[in-house]
Amino acid sequence: PEFTGRLCPAPCEAACVLAINDKAVTIEMIENAIANRAWREGWVKPEPPAKLTGKRAAVVGSGPAGLAAAQQLRRAGHEVTVFEKSDRIGGLLRYGIPDFKMEKRVLDRRLEQMIAEGVNFQPGVHVGVEVPLADLRKEYDAILIATGAEKPRDLPVPGRDLQGVHFAMEFLPQQNRHVAGDAADPAVSITAEGKHAVVIGGGDTGSDCIGTCHRQGALSVTNLELLERPPDERSPLILWPDWPLMFRSSTSHEEGGERRFSVMTKRFLGAEGRVTGLELVEIELGERDSTGRPRIEEIPGSTVELKADLVLLAMGFVHPIHEGLVEQSGVKLDPRGNVAVDENGMSSVPGLFAAGDARRGQSLIVWAIREGRDAARGIDAYLRRNGKAR
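Within each chain, residue numbers correspond to sequence positions counted from 1 in written order. This being a predicted model, a pLDDT of at least 70 is required before a residue's local features are given, and a value of 80 or more before pairs of side-chain atoms are given or counted; all residues contribute to the totals for chains, interfaces and linings. The side-chain numbers reported here are obtained from all heavy atoms of the structure, hydrogens and water having been left aside.

**Some remarks on the nonpolar core**
Move 1: Formed by 37 residues in total, the largest nonpolar core has its most connected members in Leu67, Leu93, Met102, Phe121 and Leu144.
Move 2: The helix and strand labels rest on DSSP assignments: H or I over at least four residues marks a helix, E over at least two residues marks a strand, and numbering proceeds from the N terminus. Where this core is concerned, the elements lending two or more residues are strand S1 (56–60), helix H4 (64–75), strand S2 (79–84), helix H6 (104–117), strand S4 (142–145) and helix H13 (365–385).
Move 3: Top contributing element to this core by residue count: H13, with eight residues.
Move 4: The criterion used for residue contact is that any of the two residues' heavy atoms lie within 4.5 Å. Residues contacting leucine 144, with those up to four places away along its chain left out, are Ala58, Val59, Val60, Ala69, Phe353, Ala354, Ala355, Ala375 and Ile379. The nonpolar core is taken to be a set of buried Ala, Val, Leu, Ile, Met, Phe, Trp, Tyr and Cys residues, with the residues joined through side-chain atoms within 4.5 Å. Working definition: with a 1.4 Å probe on protein chains only, accessible area under 20% of the residue-type maximum means buried, over 50% means exposed, and in between means partly exposed.

**Side note on the layout of surface pockets**
Move 1: In this analysis a 1.4 Å probe is tested at points of a 1 Å grid over the protein atoms alone, and where it fits but cannot get out there is a cavity; an open set with protein on both sides within 12 Å along at least five of seven lines is a pocket; lining residues have an atom within 4 Å of a point. Grid points are joined across faces, edges and corners, and a volume is the space filled by probe spheres set on the points. Volume-wise, the second largest pocket comes out at about 340 Å³.
Move 2: For the second largest pocket, the lining is made up of 21 residues, of which Pro1, Gln71, Arg110, Ile369 and Arg373 are closest to its centre.
Move 3: Elements with a minimum of two residues in the lining of the second largest pocket: H4, H6 and H13.
Move 4: Among the elements that line the lining of the second largest pocket, the one with the most residues is H4, at five residues.
Move 5: Under the grouping applied here, Gly and all other residues not named as nonpolar or charged are polar, the nonpolar ones being Ala, Val, Leu, Ile, Met, Phe, Trp, Tyr, Cys and Pro and the charged ones Asp, Glu, Lys and Arg. Along the lines of polarity and charge, the residues of the lining of the second largest pocket split into eleven nonpolar, three polar and seven charged.

**Digging into the packing of aromatic side chains**
Move 1: Think of it this way: a Phe, Tyr or Trp ring, Trp meaning its six-membered ring, pairs with another when their centres are within 6.5 Å, and the plane angle makes it stacked under 30 degrees, edge-to-face over 60, tilted otherwise. Going through the model one piece at a time under the given rule, you end up with three aromatic pairs.
Move 2: Both rings, one in phenylalanine 83 and one in tyrosine 140, keep their centres 6.0 Å apart while their planes meet at 85°; by these two values the pair is edge-to-face. Within this pair, whereas phenylalanine 83 is found in strand S2, its partner tyrosine 140 is found in the loop between helix H7 (133–139) and S4, the two being separated by 57 residues in sequence. The same class applies to phenylalanine 83 as to tyrosine 140, namely buried.
Move 3: Ring centres of phenylalanine 353 and tyrosine 382 lie 5.7 Å apart, and the angle between their planes is 70°; this geometry places the pair in the edge-to-face category. Remark: tyrosine 382 occurs in helix H13 and phenylalanine 353 occurs in strand S16 (residues 352–354); sequence separation between them is 29 residues.
Move 4: On the basis of relative accessibility, which here comes to 1%, the residue phenylalanine 353 falls in the buried class.
Move 5: The buried category is assigned to tyrosine 382, whose relative accessible area is 14%.
Move 6: Two conditions define a charge sitting above a ring: the NZ of Lys or the CZ of Arg must be within 6 Å of the ring centre, and it must be within 35 degrees of the ring normal. Just above the ring of phenylalanine 167 sits the side chain of arginine 160; from NZ or CZ to the centre is 4.9 Å.

**Considering helix H3 (residues 27–40)**
Structurally, the α-helix is built with 3.6 residues per turn, so residues lying three or four positions apart point the same way.
Move 1: To estimate how far a helix should reach, multiply one less than its number of residues by 1.5 Å. The terminal C-alpha atoms of H3, which comprises 14 residues, lie 20 Å apart, in line with the 20 Å expected from a rise of 1.5 Å per residue.
Move 2: Among all positions of H3, only Glu28, Asn32, Ala35, Ala38 and Trp39 are buried. On an axial view of H3, the arc spanned by its buried residues comes to 125°, and they lie on one face. Along H3, the residues that are exposed and aim more than 90 degrees away from the buried face are Met29 and Arg40.
Move 3: Buried residues in H3 make contact with helix H1 (4–7), helix H2 (11–14) and H6.
Move 4: A positive phi of about 80° marks glycine 42, the residue just after H3. Throughout, the arc means that of the directions going from the helix axis to the C-beta atoms.

**Remarks on a nonpolar patch on the surface**
Move 1: A cluster of nonpolar side chains, Leu18, Val25, Ile27, Ile30, Ile34 and Trp43, forms an exposed patch at the surface whose accessible area comes to about 530 Å².
Move 2: Counting through the fold element by element, valine 25 comes out in the loop between H2 and H3.
Move 3: Judged by its relative accessible area of 36%, valine 25 is partly exposed. In this analysis, a patch consists of residues with relative accessible area above 30% that form no salt bridge, clustered at 9 Å for like charges and at 5 Å for the nonpolar side chains Val, Leu, Ile, Met, Phe, Trp and Tyr. The protein chains shown are the only cover counted for residues, whose accessible areas, like all others here, come from Shrake-Rupley with a 1.4 Å probe. A side-chain nitrogen of Lys or Arg and a carboxyl oxygen of Asp or Glu constitute a salt bridge if their distance falls within 4 Å.

**Quick look at the pattern of salt bridges**
Move 1: The final tally for this structure, using the stated rule, is 25 salt bridges.
Move 2: The residue glutamate 150 makes a salt bridge to lysine 85 at a minimum N-O spacing of 2.8 Å. Of the two residues, glutamate 150 sits in the loop between S4 and strand S5 (151–152) while lysine 85 sits in the loop between S2 and helix H5 (92–95), which places them 65 residues apart along the sequence.
Move 3: Residue lysine 85 is classed as partly exposed on the basis of its relative accessible area of 38%.
Move 4: Glutamate 371 is the partner of arginine 360 in a salt bridge, and the nearest nitrogen-oxygen pair spans 3.2 Å. Taken together, the residues span a long stretch of sequence, with arginine 360 in helix H12 (residues 357–360) and glutamate 371 in helix H13 at a distance of eleven residues.
Move 5: In this structure arginine 360 comes out as partly exposed when scored by relative accessible area, which is 22%.
Move 6: Through salt bridges that share partners, Asp87, Arg88, Arg177 and Asp182 make up one connected network.

**Let's talk about helix H8 (residues 168–179)**
Move 1: For H8, with twelve residues, the first-to-last C-alpha span of 17 Å sits near the 16 Å given by 1.5 Å per residue.
Move 2: Among the residues making up H8, those that are buried are Ala168, Phe171, Leu172, Pro173, Gln175 and Asn176.
Move 3: Considering only its buried residues, H8 is in contact with H5, H6, strand S6 (165–167), helix H9 (204–216) and strand S14 (310–313).
Move 4: One or two steps after H8, the chain reaches glycine 181, where phi turns positive at roughly 100°.

**Quick word on the environment of glycine 277**
Move 1: Structurally, glycine 277 is set in strand S11 (residues 274–288).
Move 2: On the accessibility criterion, glycine 277 (2% relative accessible area) is buried.
Move 3: Separated by 50 residues in sequence, glycine 277 and leucine 227 have C-alpha atoms that sit 21 Å apart.
Move 4: In contact with glycine 277, other than residues within four places in its own chain, are Phe268, Leu269, Leu306, Lys307 and Ala308.

Structure below.
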């Protein structure tokens with residue numbers, strides 16, 4: 001709850017009965033307050049298993065899905081090892097969420113509890129690259145893929161290869177490392193200091209980039225969104241309890257910068273190999289095509305140029321990275337490129353499970369935690385049915 005109370009957009013509040021005709025109960029703030037008090041007053045304590053099963057489970061990925069699964073599996077009595085490719089445990093909680101949204105002490109105290117319960121963490125181990133998946137399958141009775149959906153959505157327009165155009169997740173982790181005290185490598189460092197920064201994408205990741213650019217001392221920050229500006233009030237066509245499409249501003253937006261809607265990037269402009277700007281065109285969304293997507297229609301005469309020294313692509317993620325772990329596993333994928341699983345969270349390969357964004361695609365932290373727990377239940381049942389204790 002200390003994570004969802006800080007990071008979740010709270011769809012539960014939109015589904016609150018009071019939201020039908022009034023302001024909803026502030027569920028997220030209440031949850032956060034209770035969790036903070038629970039930690040402060042010592043209500044949250046390690047819960048090591050009373051009895052061990054002798055079965056071994058490996059969790060690949062230490063984001064919210066992997067951590068939730070690992071804790072539940074350990075409390076069920078299994079030996080659990082969590083493998084993380086980064087040098088610190090936490091996945092996107094560590095290196096994707098800026099410290100101004102969640103201080104890393106919130107994560108560290110939960111990890112300390114899990115270590116006290118007997119969960120084994122192995123950071124700096126890239127399964128599928130440095131360690132073949134086959135090696136883990138020899139040592140563990142079940143494996144959970146909880147690597148997230150890290151394949152970013154790209155913007156393949158002319159000038160994309162110019163220096164200064166980066167994916168958001170090339171930018172955000174560097175700031176988190178800086179806050180953690182790590183020395184930056186000037187040769188690969190990405191900073192908005194003294195630059196005109198443009199963030200393409202209007203979601204949470206884009207908001208995180210905006211707030212980080214402000215803190216690094218950007219000269220200007222402009223946020224571009226392909227879709228039109230949402231209405232200020234809930235549309236009567238969006239019935240309770242569905243999530244209402246409304247204009248929202250995060251604290252990062254409130255700190256400054258310009259937001260532009262209904263614009264599309266035609267190309268990146270550059271000089272001497274570096275980005276210097278963008279060519280934009282205003283658009284309208286037309287009739288939907290055969291796939292259900294609205295057609296994009298450019299407005300004649302609306303083309304403009306926008307100055308930019310740094311462009312951050314924050315347009316979401318499409319599916320888990322296939323190279324390495326997923327390819328080595330031989331699991332079947334769903335039509336969107338995510339790992340396909342059955343009702344127990346198991347993939348097409350017996351003993352190999354998946355949960356979180358690796359299974360459902362880019363989603364909310366509350367779903368990642370739920371899926372991690374559901375997969376842990378499936379793994380626990382599988383381990384108790386199959387094989388002898390080691």
